[in-house]
Amino acid sequence: MAETTPRRRDAAATRQALLEAAARRFTRLGYERTTLRDIAGDVGVNLALIKRYFGSKEGLLKAAMSASPRFGGDGERPWDRTALADALARHLSSDAWPEFDEHPVLMLLRVSGDAQVDGLRRQALLDFGRKVLTAAGHEGDDRLLEAELVVALGVGIAVVRSAVGLQPLRDATAEQLHGPLAAVVDALLP
């Protein structure tokens with residue numbers, strides 16, 4: 001008789017796997033068409049575990065949105081315009097986010113049909129705009145419009161690369177994107 005060893009549990013790794021599976025599904029399918037059962041199945045866990053870690057589908061979406069995309073691979077934030085342009089170029093390049101079929105920012109664009117989720121999406125984009133302001137050396141919201149234009153440019157790049165495949169943008173590397181993005185950041189947020 002074969003001896004079975006219980007599978008070792010790692011709550012942090014499971015939580016991270018759930019966030020990654022959720023981000024993939026929310027990005028591809030949107031909030032409405034994504035089910036918690038499918039996410040649990042992707043990770044090989046019981047549906048109750050999602051509710052335990054995140055409370056609800058909305059809680060999981062909120063956690064997935066706050067987990068990605070980040071300015072830097074290890075969560076660091078740029079604190080000047082050069083680092084901001086570097087981070088934007090890195091996260092918008094053709095080889096960014098290989099674990100997704102599309103750029104994860106697209107999960108913020110999918111219509112949910114849920115007012116609370118739409119509010120979370122707006123808040124995530126507003127928060128990102130404020131991070132851009134901080135990185136560009138601005139305090140307060142006096143240049144928030146300009147920061148939101150930088151955010152909109154990034155979202156637009158992600159959409160055009162993923163949905164349209166427009167060349168040369170689709171295959172642009174971080175090095176190729178850096179110069180034009182730096183120029184835009186400097187023009188909008190001097």
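Here goes a summary of the coordinates provided. (Residues numbered from 1 in each chain as written. Predicted model: local features only at pLDDT ≥ 70, side-chain atom pairs only at ≥ 80, totals over all residues. Heavy atoms only, no water.)

1. Remarks on the nonpolar core
Ranked by size, the top nonpolar core spans 46 residues in total, and within it F26, I39, I50 and L60 carry the most contacts. For this core, the secondary-structure elements that each account for two or more residues are α1 (11-33), α2 (36-43), α3 (47-54), α4 (57-67), α5 (81-92), α6 (115-135), α7 (144-164) and α8 (174-188). In contact with L60, other than residues within four places in its own chain, are L18, L19, A22, F26, L36, I39, I50 and F54. (Core = buried A, V, L, I, M, F, W, Y, C linked by side-chain atoms within 4.5 Å. Buried < 20%, exposed > 50% of the residue type's maximum accessible area, 1.4 Å probe, protein only. Helix = DSSP H or I, 4+ residues; strand = E, 2+ residues; numbered from the N terminus. Contact = heavy atoms within 4.5 Å.)

2. A closer look at the side chain of D118
Relative to the elements of secondary structure, D118 occurs in helix α6. For D118, a relative accessible area of 16% puts it in the buried group. Polar side-chain contacts of D118 include one of 2.8 Å to the side chain of R121. (Polar contact = N/O pair within 3.5 Å; in protein donor to acceptor, adjacent residues only side chain to side chain.)

3. Observations concerning the packing of aromatic side chains
Overall, the coordinates contain two aromatic pairs when judged by the stated rule. Ring plane angle 15 degrees and centroid distance 6.0 Å describe the contact between F26 and Y31, whose orientation is recorded as stacked. For the pair shown, F26 and Y31 are each scored as buried. When the ring of Y53 is compared with that of F54, the centres are 6.2 Å apart and the planes differ by 80 degrees; the resulting orientation is edge-to-face. Since its relative accessible area comes to 23%, Y53 is described here as partly exposed. Here the guanidinium or amino end of K57 rests over the ring plane of Y31, the centre of that ring lying 4.5 Å away. (Phe/Tyr/Trp six-rings, centres within 6.5 Å; stacked < 30°, edge-to-face > 60°. Lys NZ or Arg CZ within 6 Å of the ring centre and 35° of its normal.)

4. Description of the pattern of salt bridges
Per the stated rule, a full pass over the model turns up seven salt bridges. Note that R25 is salt-bridged to D42, the shortest N-O span being 2.6 Å. With a gap of 17 residues between them, R25 in helix α1 and D42 in helix α2 connect regions that are remote in the sequence. With relative accessibility at 15%, the residue R25 sits in the buried group. Linking D118 and R121 is a salt bridge whose minimum nitrogen-to-oxygen distance equals 2.8 Å. Placement of both D118 and R121 in helix α6 is noted, with a separation of three residues, approximately one turn of the helix. The network of salt bridges with shared partners includes R25, D38 and D42. (Salt bridge = Lys/Arg side-chain N within 4 Å of Asp/Glu carboxyl O.)

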